[in-house]
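# Observations on the model geometry
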Amino acid sequence: MLLRKTLLALTSITAITSLSPCRAETASSDSVQAELTMAPEYSLSWPKTLGKVDLFAASVPDQAQMTLIRKDISDNAITLVSPLPGKGRVYFFIKPENGTPGLWVSNRVLPTEGVANFRDMGGYETIDHHHVRWGEFYRSAAPSGLTQDDYAFIDTLGIKSVTDLRTQAEQKKQPTQWQGTAPAFFPSEKPSLPSDMTDRKRLATMSDIQARELMETFYAKMPDYYAPELKALFARLLAHQTPTLTHCTAGKDRTGFASALVLYALGVPEQTILRDYAMSGDLLRAHMTPSFKAAMSDHQNGGAMAASPSMRALLESDPAYLKAAFDAIRKQYGSVDIYLTKKLGMGPQQLATLRSLYLD
């Protein structure tokens, strides 16, 4: 069981002067945060500009299923133990009493002990002030290290589909033995990564600058190299095969690019996408899982890299890497929207459908 407390950033909320009823109320760049243990206990805070609020909780972010927890809260913060039975996830709805629409919040980083970088892509505000729904899009490192306690928690998420962007060699080395209710799995059929990303001896002798250049080059290739997997992922999203989990080995590069495209297609600003992407490096360093440590100690498959100057660059989630992918798309296709249409089958009609399914 995960005993330590993990600080969980939920969602940033930004001030808007007028909102339609379906949109979430937001306030000046303050952020809502929660602290969670597997017990769990939550600490929530929200902008004072919301005034008095009522606080609701639910096991899914659905107003029809939420329960009133506290009424007439004058302060802008509260700490409470889980208001719901069991160890499943809790979603909170902050409803201002002045009549403006409320806002769903939940923990972004999920408390998994055996797998790093497991997080929810929900809560982000779009350019037109909608919000990505919580509990629909999850991303993580390879789930092969999930513990029994992890599975007991993840089973409550109701994941229906898993997109595995690892190569066949990676899948064979660290197979996923899913416990509980099994989702549909969609593994990549690529046998290996581009050769410049798999030459361990060369990678181990690279300088930090060389490694960063390599990463940017790899990201520039991803839009075309992973187009088949991404097109299939978007087709599943249009078919509403969610909640869904997307992962690779570290949940940083291939997963980071795929997640960035999903957020972009939903209308999330690029700067928000880059900030979300940048979280991975910190989360990986903070959570060196047994499977990751084993990979690094395997001298035939990367152990020598652990002490190399290039390792920091290879494990970093520098926004410059993701920006290299977007720059390559714009150079080749003219815009990300044209790329989505031509390569991934996501034209205006499909984007409208996607947003109707996954935005509040």
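Analysis parameters
Residues numbered from 1 in each chain as written. Predicted model: local features only at pLDDT ≥ 70, side-chain atom pairs only at ≥ 80, totals over all residues. Heavy atoms only, no water. Pairing = 2+ DSSP bridges. Helix = DSSP H or I, 4+ residues; strand = E, 2+ residues; numbered from the N terminus. Contact = heavy atoms within 4.5 Å. Axes fitted to C-alpha atoms, helices over the stretch in contact; angles between N-to-C directions. Buried < 20%, exposed > 50% of the residue type's maximum accessible area, 1.4 Å probe, protein only. Expected span 1.5 Å × (residues − 1). Arc of directions from axis to C-beta. Salt bridge = Lys/Arg side-chain N within 4 Å of Asp/Glu carboxyl O.

Turning our attention to the sheet that holds strand β13 (residues 244–247). The strand order across the open sheet built from five strands is β9-β10-β13-β11-β12, with neighbouring strands paired in mixed fashion. Edge positions in the sheet fall to β9 (119–120) and β12 (184–187), since each has one partner strand and no second. Note: strand β11 (residues 161–164) against β13, four bridges, orientation parallel. Bridging from a neighbouring strand, Val162 pairs with Leu245 of β13. Across the sheet, helix α6 (residues 254–266) is in contact with β10 (137–140) and β13; its angle to β10 comes to roughly 160 degrees.

Moving on: the side chain of Glu316. Topologically, Glu316 is positioned in the loop between α9 (311–315) and α10 (319–333). For Glu316, a relative accessible area of 14% puts it in the buried group.

Turning our eyes to something else, we now look at helix α5 (residues 227–238). If you check α5, its first and last C-alpha atoms are 16 Å apart, about what twelve residues at 1.5 Å a residue would give, namely 16 Å. Of the residues making up α5, those classed as buried are Ala227, Glu229, Leu230, Leu233, Phe234, Arg236 and Leu237.

One can find Cys248 in the loop between β13 and α6. Taking the C-alpha atoms as reference points, Cys248 and Ser188, separated by 60 residues in sequence, lie 9.6 Å from one another. If near-sequence neighbours (up to four positions away) are discounted, Cys248 is found in contact with Ser140, Ala141, Ala142, Leu165, Arg166, Asp253, Arg254 and Thr255.

Moving on, we come to helix α11 (residues 336–344). Burial in α11 covers these residues: Val336, Tyr339, Leu340 and Leu344. Down the axis of α11, the buried side of the element spans an arc of 100 degrees, and every buried residue falls inside it. Looking at the buried side of α11, the elements it contacts are α4 (208–225), α5, α6, α10 and α12 (348–358). Positive backbone phi, at 70 degrees, marks Gly345, one or two positions downstream of α11.

This part covers the pattern of salt bridges. Side chains that differ in sign of charge can pair as their charged atoms come close. Tallied over the entire structure, the rule returns 14 salt bridges. Where Asp120 meets Arg89, a salt bridge forms, and the shortest distance between an N and an O atom there is 2.7 Å. In this pair, Asp120 is assigned in strand β9 and Arg89 in the loop between β6 (77–81) and β7 (91–96), connecting sequence segments 31 residues apart. Each member of the pair, Asp120 together with Arg89, is buried. Lys190 is the salt-bridge partner of Glu229, the closest N and O atoms lying 2.8 Å from each other. Here Glu229, found in helix α5, pairs with Lys190, found in the loop between β12 and α3 (200–204); they are 39 residues apart in sequence, far enough to count as distant. Residue class for Glu229 comes out buried when judged on its relative accessible area of 12%. The buried category is assigned to Lys190, whose relative accessible area is 13%.

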